[in-house]
Amino acid sequence: MPDTTTNSHSSTTEAASSAFEHSGREYDHISPEIEDWGIFKIHHKREEFVEELEEESYNRILEEHGKSLTDLLSKTLFSEQRRTKEEPWKVDPPQERRYWKKLTKMLATRSLDEQEETTAENAARNILRRIVHRYADEIVGHFKIPTFRFARRFLRFFFGRLLNAADGRSFRSLFSKKILLQEKLIVRGYVEQVRELSKRGTVVFVPTHFSNLDSILIGYAVDEVAGLPAMSFGAGLNLYNTGYTAYFMNRLGAYRVDRRKRNPIYMTTLKAMSKLIIMHNVPSLFFPGGTRSRSGALETKLKLGLLGTAVEAQREHYAAGKDDKIFIVPVILSYPFVLEAQFLIEQHLRKEGQDRYIKAKDSFHSLRSILKFIWRVFSKGNSITISLGRPMDVIGNQVQVDGKSYSKNGRRVRTREYFRNQFGEINKDYQRESEYTRMLGDRIVERYHADGIVLPSHLVSYAAFAMLEKFFYDQDLYALLRLPAEDFYFREEPLYEVVAQLRDQLLAMAEKDQAKVSPELHESPEKIVSHAIDSMGTFHIDKPLYRDRRGNLVSDSFAMLHYYHNRLSTFHLKNRVKWPADLLGDERIEKGYFSKLDKDDLG
């Protein structure tokens, strides 16, 4: 058991809670010289790092598959030949099909000589080294200071001027007096604590994932607003297919991830990359949810593969006699509305409901749609909030500003002790570390809920869709979504009442450090609804919630309303609502539609 020292639980929790910064501001950079950044150092000696990655990956594969290496190589070579035939990309190396055919021939002719078992084993290991080298060289990117500085200036200009124009409601204000960026792109949470921990160890950022804009927004905000060094992150190899994107992505420190490759050799090399950059004190970012949330809900089940590399890196630090500590920081993005919401929810519903939904076209890659998104966000007085959650160690224990770890009951714990065996030695135990990774994942999900900022759009969409569910209590989800949205409206007074009840629940949870709310949620229910309508009713063609010409609160799409409702679905708030009567209005009845049918029938 880890060595612990008794401490006051209340004082620990109180100190941690007081560190959450609700108001965003801009911070001085903790390391203004780029040459001092870990990401620059490893890419400055890229060849040495690639060799280190090769050796790490090669040894791990032999450790796990040494007794069945030939079988592993056969399956890998088969999958790679099929990939090059069925899914070729422009970014793929030239003559790639020929390369994999050549290795397949080598394996067949040199590794199956029954009279020379040693030669066969050596041949298999030689082929493995070739494959690992190819993967390692592909995965490791580059970091060029001139390109980074240009990208930083460009994004500063782009965001700054566009927000300036948006605030002025026209492009005439593009070059007028500059507004403060931190008023629109807000970084909240345990910012000062993360800044201090960045000086004491290695920070791994683990964000929620709602939009393809997440990486660029987090990267820019962490550097320019929070004043932290650039981080390493994985970027899909498909982004390297186009010229301009490839040029920048290949020079900004991103490591390349080819999602077509699922074989164990590639996945082991990719995980080794994650572990090594952490061990080299490079801030890292990866999305533990794996992909964008299709439903709009906060992640509750994380993919633990890359997360486990942080646990392994910590153990290897201790095994080498180092005290270097690794800190995990949940990051929660709060958008007033999501660029790809319609595509994502329809994809989710089609998967869950089979053929009841037709897949929508994902228009994310349209530059016009991105500009329109950012313009609409900020021209209506909206902002994007990035919340840095409470830092923790690789076991999931909360960490204070001095880097010391504390358990849930407030006792001081020493992370090193978690990695000792019964003889007191730091040892490798993958089963034990797998359990630690699971514990860490549970704590990250907990902080996603506790430290994410709940916006008016989240609360009101949750309330409105819950009213729809209650009104049609005997219908399942897909029956609700098939209803003609244009025939119904949400009655205002019941909506205000439900919003007030849900808001009160969230405020009570905030008092217990189980949620965080935006300042607008302290206003009246009427104003909360007004804020939500202003943000949700501006961007999407099929609006989730807005006022029609008669002033009624209506929805163009219950599917879109369902998407935004899901942001709070994992809080399970509706079970404690005392429902008012007469939640929805039906325009068909109010227009006398059914009475007309009755008269026709009688006639």
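That block above? That's the structure.
Residues numbered from 1 in each chain as written. Predicted model: local features only at pLDDT ≥ 70, side-chain atom pairs only at ≥ 80, totals over all residues. Heavy atoms only, no water.

This part is about the nonpolar core. The nonpolar side chains of soluble globular proteins are, as a tendency, buried together. Counting residues in hydrophobic clusters, the biggest one holds 155 residues, and the most contacted among them are Phe 205, Ile 328, Phe 490 and Leu 506. Each residue touching Phe 490, except ones within four places of it in the same chain, is listed here: Ala 464, Met 467, Leu 468, Leu 545, Leu 553, Ser 555, Phe 558, Leu 561, Leu 583 and Leu 584. (Core = buried A, V, L, I, M, F, W, Y, C linked by side-chain atoms within 4.5 Å. Buried < 20%, exposed > 50% of the residue type's maximum accessible area, 1.4 Å probe, protein only. Contact = heavy atoms within 4.5 Å.)

Our focus in this paragraph is helix α18 (residues 492-511). An α-helical turn contains 3.6 residues, so a residue and the one three or four places further along point in the same direction. The end-to-end C-alpha distance of α18, which contains 20 residues, comes to 28 Å, matching closely the 28 Å that a straight helix rising 1.5 Å per residue would cover. Those residues of α18 lying buried are Pro 494, Leu 495, Tyr 496, Val 498, Val 499, Ala 500, Gln 501, Leu 502, Arg 503, Gln 505, Leu 506 and Met 509. Next to the buried residues of α18 lie β12 (453-454), α16 (456-471), β14 (516-517), α19 (525-536), β15 (546-547) and β16 (553-554). Looking one or two residues beyond α18, the residue adopting positive phi is Asp 513, at roughly 60°. (Helix = DSSP H or I, 4+ residues; strand = E, 2+ residues; numbered from the N terminus. Expected span 1.5 Å × (residues − 1).)

Notably, Asp 513 is not glycine yet its phi reads approximately 60°, a positive angle. Along the chain, Asp 513 falls in the loop between α18 and β14. The exposure class of Asp 513 is buried, given its relative accessible area of 14%. Although it is not a glycine, His 572 adopts a positive phi angle of roughly 55°. As for its position among the elements, His 572 is in the loop between α20 (558-565) and β17 (584-586).

Positionally, Gly 353 belongs in helix α13 (residues 341-353). When the C-alpha atoms of Gly 353 and Tyr 478 are compared, they prove to be 7.5 Å apart, with 125 residues separating the residues in sequence.

On to the pairing of strand β7 (residues 325-334), then. Burial analysis of β7 places 10 of its 10 residues in the buried class, which makes it a mostly covered element. On β7, burial covers both faces: Lys 325, Phe 327, Val 329, Val 331 and Leu 333 on one face and Ile 326, Ile 328, Pro 330, Ile 332 and Ser 334 on the other are all buried. As defined by bridge partners, strand β3 (residues 201-207) adjoins β7 across 7 bridges and the pair is classed as parallel. Paired with Phe 205 across the strands is Val 329, a residue of β7. (Pairing = 2+ DSSP bridges.)

Throughout the structure, instances matching the rule amount to 13 aromatic pairs. The interplanar angle of 45° and the centroid separation of 5.4 Å between the aromatic rings of Phe 143 and Phe 148 together place this pair among those described as tilted. The pair Phe 143 / Phe 148 is uniform in exposure class, with both members buried. Taking 6.5 Å as the distance between ring centres and 15° as the angle between the ring planes, the aromatic pair formed by Phe 150 and Phe 154 counts as stacked. In this pair, Phe 150 and Phe 154 are both assigned in helix α7 (residues 145-168), 4 residues apart and thus about one turn of the helix distant. Judged by relative accessible area, which is 40%, Phe 150 ranks as partly exposed. (Phe/Tyr/Trp six-rings, centres within 6.5 Å; stacked < 30°, edge-to-face > 60°.)

We now examine the sheet that holds strand β4 (residues 232-236). Strand order in the open sheet made by the 7 strands is β2-β8-β7-β3-β6-β4-β5, with mixed pairing throughout. Whereas interior strands pair on both sides, the edge strands pair on one side only; in this sheet they are β2 (185-189) and β5 (255-257). Helix α9 (residues 214-225) contacts β2, β3, β6 (284-285), β7 and β8 (384-388) of the sheet and is inclined by roughly 75° relative to β2. (Axes fitted to C-alpha atoms, helices over the stretch in contact; angles between N-to-C directions.)

Attention now moves to the pattern of salt bridges. As enumerated under the stated definition, the model contains 43 salt bridges in all. Residues joined in a network through salt bridges with shared partners are Glu 56, Arg 60, Glu 64, Lys 275, Glu 312, Arg 315, Glu 316, Arg 432 and Glu 433. (Salt bridge = Lys/Arg side-chain N within 4 Å of Asp/Glu carboxyl O.)

The next thing to look at is the pairing of β8. Of all the 5 residues making up β8, 5 are buried; the element is thus mostly covered by neighbouring parts of the structure. On β8, burial covers both faces: Ile 384, Ile 386 and Leu 388 on one face and Thr 385 and Ser 387 on the other are all buried. Where β2 lies against β8, 5 bridges are found, and the strand directions are parallel. Across the sheet, residue Gly 189 finds its bridge partner in β8, namely Leu 388.

All right, on to the packing of helix α3 (residues 46-65) against helix α11 (residues 264-279) then. Put simply, α3 and α11 touch, their axes get as near as 9 Å, and they point 130° apart. It follows from the interaxial angle that α3 and α11 lie oblique. Regarding α3 and α11, the two cross each other, and that crossing is right-handed. Where α3 approaches α11, its residues Phe 49, Glu 52, Leu 53, Glu 56, Ser 57, Arg 60, Ile 61, Glu 64 and His 65 are matched on the opposing element by Pro 264, Ile 265, Thr 268, Thr 269, Ala 272, Met 273, Lys 275, Leu 276 and Ile 277. Looking at the contact of α3 with α11 residue by residue, the classes come out as 9 nonpolar, 4 polar and 5 charged. (Parallel < 35°, antiparallel > 145°, perpendicular 65-115°, else oblique. Left-handed = near helix turned anticlockwise from the far one by under 90°. Nonpolar A, V, L, I, M, F, W, Y, C, P; charged D, E, K, R; others polar.)

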